[in-house]
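Analysis of the macromolecular model
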Amino acid sequence: MGREHHARLPRPRARFRGATGAALFALLLLALAAVPAGAGADGASGDGLLGDGSRGNGFRSDSFRKEAARAVRAHERARARVDRLRESDASPTEVKDAERRRKAVRAGLWDLLWATGRNSGDPVAVDPSGQDSRCPFGDRSRPPERRAHPWTAPTRRYWLSAGYAAKGSRWAHRHTGQDFAVDSGTPVYAVGAGTVRATTCGDGFGNQVVVRHRDGYFTQYAHLSRIDVRKGGRVTAGQRIGLSGSTGNVTGPHLHFEVRITPYVGSAVPPLPWLRRKDVEVTGAPALP
Ligand SMILES: [Zn+2]
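Residues numbered from 1 in each chain as written. Predicted model: local features only at pLDDT ≥ 70, side-chain atom pairs only at ≥ 80, totals over all residues.

Our focus in this paragraph is the overall build of the chain. The number of helices and strands found in the chain is five helices and 11 strands. The proportion of buried residues among the 289 residues of the chain is 47%. Taking contacts inside the chain between residues at least 6 apart in sequence as the whole, the part at least 24 apart equals 73%. (Helix = DSSP H or I, 4+ residues; strand = E, 2+ residues; numbered from the N terminus. Buried ≥ 20, exposed ≤ 12 C-beta atoms within 10 Å, placed from the backbone. Contact = placed C-beta atoms within 7 Å.)

In structure tokens, the structure reads:
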């Protein structure tokens, strides 16, 4: 599952609409064809792709967005199928086959989004190593909080503002994450153990952290005022990774939280059901303003 460095594809030189893009589309379609129809109906249904901060030119294409959204849904159906098979008395071969199909879908989506991200300047795809010294890094010495549960909510004392797939003038298409309204300076926690895949700043997501978890999913924490982790570092569930803020394209302080299949914009799944599957209940509005 280690796809941290993309070695399979050459760096696309042309814009996404060129030959490289066409080849990637074919790749994605092949991956989709490998997933049997009716593989499961309880997967994700979200179609949000553009985040608060996306500025990618590739994402302006409606057909691209629909293709990627279809792949995200196909992946979630494939993932649900693997989960079901594991819970039932399915044979190891059956589980292995289902898992192979899930990974094929993810690989196709990954390639597609990576190429688009590079062309459009998405800092997570471009890999900002060496450039992130501009980011406001804070204290790294603080020990992680001890937690009995392996998964936790990304912040405390929030109220839920814009939800996943919400429509609004702030987003070019649909909202790709869940917003947690909190004051600036509120601690933001890694929802589970993992490795910091990226710390970037300066685009529409402002100061952001992307964490890769052991189950293969990624979580994104955006609009931070300060970042307390570094790329490549390990984090534990509930470890503070930064402070909330209002950097990037926002109308007020909040935490933008996403769960993604890949590190890149365009692969987000509904975050609250994902947390719920890990026994993390994110509810209501404890402190309406
Ligand atoms: Zn948001």
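Core analysis: the largest hydrophobic core is formed by 55 residues, its most contacted members being Ala68, Leu109, Val209, Tyr221 and Ile241. By residue number, the principal contributor to this core is helix H3 (residues 92–120), which donates nine residues. (Core = buried A, V, L, I, M, F, W, Y, C linked by C-beta atoms within 7 Å.)

The next point concerns unusual backbone geometry. Residues other than glycine seldom take positive phi values, yet Arg157 does so here, at roughly 50°. Using a count of 11 C-beta atoms within 10 Å as the deciding quantity, one classes Arg157 as exposed. A positive phi angle is found at His223, which is not glycine, with a value near 70°. Within the secondary structure layout, His223 lies in strand E6 (residues 218–224).

Okay, the sheet that holds strand E7 (residues 226–227) next. Across the sheet, which stays open at both edges, the three strands sit in the order E3-E9-E7 with antiparallel pairing between neighbours. In this open sheet, the two edge strands, each paired with only one partner strand, are strand E3 (187–189) and E7. Pairing of E3 with strand E9 (residues 240–243) involves three bridges; the strand directions are antiparallel. Directly across from Val188, in E9, lies its bridge partner Gly242. (Pairing = 2+ DSSP bridges.)

On to the environment of Leu113. Residue placement: Leu113 occurs in helix H3. In sequence terms Leu113 and Tyr264 are 151 residues apart; their C-alpha atoms lie 6.3 Å from each other. Leu113 has contacts with Ala68, Thr262, Tyr264, Gly266 and Ser267, leaving out every residue within four places of it along the chain.

For the rest of this paragraph, the subject is H3. For H3, with 29 residues, the first-to-last C-alpha span of 41 Å sits near the 42 Å given by 1.5 Å per residue. Remark: Gly121 follows H3 within two positions and exhibits a positive phi of approximately 85°. (Expected span 1.5 Å × (residues − 1).)

All right, on to the packing of helix H2 (residues 62–87) against H3 then. Running from N to C, H2 and H3 cross one another at 160°; their axes reach a closest spacing of 9 Å. In terms of axis orientation, H2 runs roughly antiparallel to H3. In this structure, H2 meets H3 at a crossing whose hand is left-handed. Residues Ala68, Ala71, Val72, Ala74, His75, Ala78, Arg79, Arg81, Val82, Leu85 and Arg86 of H2 touch H3, and the partners they reach there are Glu94, Val95, Ala98, Glu99, Arg101, Arg102, Val105, Arg106, Gly108, Leu109, Leu112 and Leu113. For the contact of H2 with H3, the per-class residue count stands at 13 nonpolar, two polar and eight charged. (Axes fitted to C-alpha atoms, helices over the stretch in contact; angles between N-to-C directions. Parallel < 35°, antiparallel > 145°, perpendicular 65-115°, else oblique. Left-handed = near helix turned anticlockwise from the far one by under 90°. Nonpolar A, V, L, I, M, F, W, Y, C, P; charged D, E, K, R; others polar.)

Mean pLDDT for the chain: 79, with 71% of residues reaching 70 or above. Predicted confidence is poor over residues 1–19, with pLDDT under 50, and the contacts of this stretch with residues over four places away or in other chains come to 19 contacts. Below a pLDDT of 50 lies the segment residues 31–57, which in the model reaches 94 contacts outside its immediate sequence neighbourhood of four places, other chains included. (pLDDT = per-residue confidence, 0-100.)

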